[in-house]
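Structural description and commentary
One-letter residues, chain by chain:
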Amino acid sequence: MKRFSVEPGQHLKRLSRATLILLATGIPPLGFMVALFVLGSIPDNVAPYLTVAFVLVPMIVFLPLFAFTGYKYSMRRARERFAKLKNASCIICGEPLPDAVRLRDLRRTQRPHYETVHPEVWRWGERWKKINILGGTAGIFIVGLATYQLATENALQSILFYAYVPAYILAVYLSQKREIERFRSRWKRQLSENPR
């Protein structure tokens, strides 16, 4: 088991201000829930005050800050992924594709290759784009319905509705992965049968 150690001359990285605020505002609600679970109940005369002090006030700070840091993190990840996509190669034949300056140009710059060299892949991708728009719209509706079921205390129905989202994402991912592998093997087979 590797132990954590700091070499002489090295310093631990300081926590950012946002991380400290997230910790300071995220821990009291968790502590309140643990105390509520351990005690079983809280006397009625102090429950509203404790709820406001240990849940509502910290959550007013925690949730927006959590959303902001999550957004910032996802944007940083998107930039990193875009940097990888800029120097991408074709998923079927491995041919280097033209670089895109912006993310919105990526599809436009890569389109000619897929339309001319792999037209079946292009049509398949266009069809999946429409299916994903429909599935995403249905997913938003189902998450709303699941939230309503949870609010009306139908936990089992809510869980079943919420299960749609990861099941749909997994089904789409596996289906697309399998189909891309099929396109790739078909391309290799055609290339071996008809060498240039």
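Each remark here, short or long, concerns the structure printed above.
Thresholds, definitions, all that
- Residues numbered from 1 in each chain as written.
- Predicted model: local features only at pLDDT ≥ 70, side-chain atom pairs only at ≥ 80, totals over all residues.
- Heavy atoms only, no water.
- Helix = DSSP H or I, 4+ residues; strand = E, 2+ residues; numbered from the N terminus.
- Rg over C-alpha atoms; globule rule 2.2 N^0.38 Å.
- Buried < 20%, exposed > 50% of the residue type's maximum accessible area, 1.4 Å probe, protein only.
- Contact = heavy atoms within 4.5 Å.
- Areas by Shrake-Rupley, 256 points an atom, 1.4 Å probe, with all protein chains shown as cover.
- Lys, Arg positive; Asp, Glu negative; His and termini not counted.
- Charge placed at Lys NZ, Arg CZ, Asp CG, Glu CD.
- Core = buried A, V, L, I, M, F, W, Y, C linked by side-chain atoms within 4.5 Å.
- Patch = residues over 30% accessible without salt bridge, like charges linked within 9 Å, V, L, I, M, F, W, Y side chains within 5 Å.
- Salt bridge = Lys/Arg side-chain N within 4 Å of Asp/Glu carboxyl O.
- Axes fitted to C-alpha atoms, helices over the stretch in contact; angles between N-to-C directions.
- Parallel < 35°, antiparallel > 145°, perpendicular 65-115°, else oblique.
- Nonpolar A, V, L, I, M, F, W, Y, C, P; charged D, E, K, R; others polar.
- Phe/Tyr/Trp six-rings, centres within 6.5 Å; stacked < 30°, edge-to-face > 60°.
- Expected span 1.5 Å × (residues − 1).
- Left-handed = near helix turned anticlockwise from the far one by under 90°.

Glancing now at the overall build of the protein chain. When helices and strands are counted, the protein chain shows six helices and zero strands. Mapped in sequence order, the helices and strands of the protein chain form the string α-α-α-α-α-α. The globule rule puts the C-alpha radius of gyration for 196 residues at 16 Å, and the 25 Å found for the protein chain is more than 25% above it. Taken over 196 residues, the protein chain has a buried fraction of 19%. Long-range contacts, defined here as pairs at least 24 residues apart, represent 46% of the contacts in the protein chain between residues at least 6 apart. Accessible area for the protein chain stands at about 15,500 Å²; split by element, carbon and sulfur atoms hold 66% of it. Averaging the locations of the 29 positively and 13 negatively charged side chains of the protein chain gives two centres separated by 4 Å.

On to the nonpolar core. Note that soluble globular proteins tend to have their nonpolar side chains buried in a common cluster. Ranked by size, the top nonpolar core spans eleven residues in total: C90, I92, L97, Y114, V121, W122, W124, W128, V172, F183 and W187. Put simply, the parts of the chain that give this core at least two residues each are α4 (119-151) and α6 (164-193). If we skip the residues at most four places from it in the chain, W128 touches V172, S175 and Q176.

The next point concerns a nonpolar patch on the surface. Together, L15, L20, L23 and I27 give the surface a local cluster of nonpolar side chains, amounting to about 370 Å² of exposed area. Along the polypeptide, L15 turns up in the segment before α1 (17-39).

Moving on, we come to the pattern of salt bridges. All told, the structure shown has four salt bridges when counted by the stated rule. Residue E115 is joined to R111 by a salt bridge in which the shortest nitrogen-to-oxygen separation is 3.4 Å. Linking E115 with R111, this pair stays in helix α3 (residues 103-117), spanning four residues, or about one helical turn. Measuring nitrogen to oxygen at the nearest pair gives 3.6 Å for the salt bridge that ties E126 to K129. Of this pair, E126 and K129 both sit in helix α4, three residues apart, roughly one helical turn.

We now examine the packing of helix α5 (residues 155-162) against α6. The geometry of α5 relative to α6 is characterised by a closest axis approach of 4 Å and an angle of 20° between their N-to-C directions. On the basis of the axis angle, α5 is roughly parallel to α6. Mapping the contact onto sequence places L160, F161 and Y162 in α5 and Y164, V165 and P166 in α6. By residue class, the composition of the contact of α5 with α6 is six nonpolar, no polar and no charged.

The subject of this paragraph is the packing of aromatic side chains. This model, assessed by the stated rule, comprises three aromatic pairs. Summarising the aromatic geometry, the rings of W124 and F183 are spaced 5.5 Å apart at their centres and angled 70° between planes, so their arrangement reads as edge-to-face. With W124 in helix α4 and F183 in helix α6, this pair connects stretches of sequence that are 59 residues apart. On the accessibility criterion, W124 (9% relative accessible area) is buried. Using a relative accessible area of 5% as the deciding quantity, one classes F183 as buried.

A few words on α4. With 33 residues, α4 extends 48 Å between its outermost C-alpha atoms, agreeing within 8% with the 48 Å of an ideal straight helix rising 1.5 Å per residue. All of the buried residues in α4 are V121, W122, W124, E126, W128, G135, G139, I142, A146 and Q149.

Let us look at the packing of α4 against α5. At a minimum axis distance of 8 Å, the contact between α4 and α5 shows a crossing angle of 165°. Here α4 is positioned roughly antiparallel relative to α5, judged by the angle of their axes. Pair α4 / α5 crosses with left-handed handedness. Residues I142, V143, L145, A146, T147, Q149 and L150 of α4 pack against Q157, S158, F161 and Y162 of α5. Split by residue class, the contact of α4 with α5 holds seven nonpolar, four polar and no charged.

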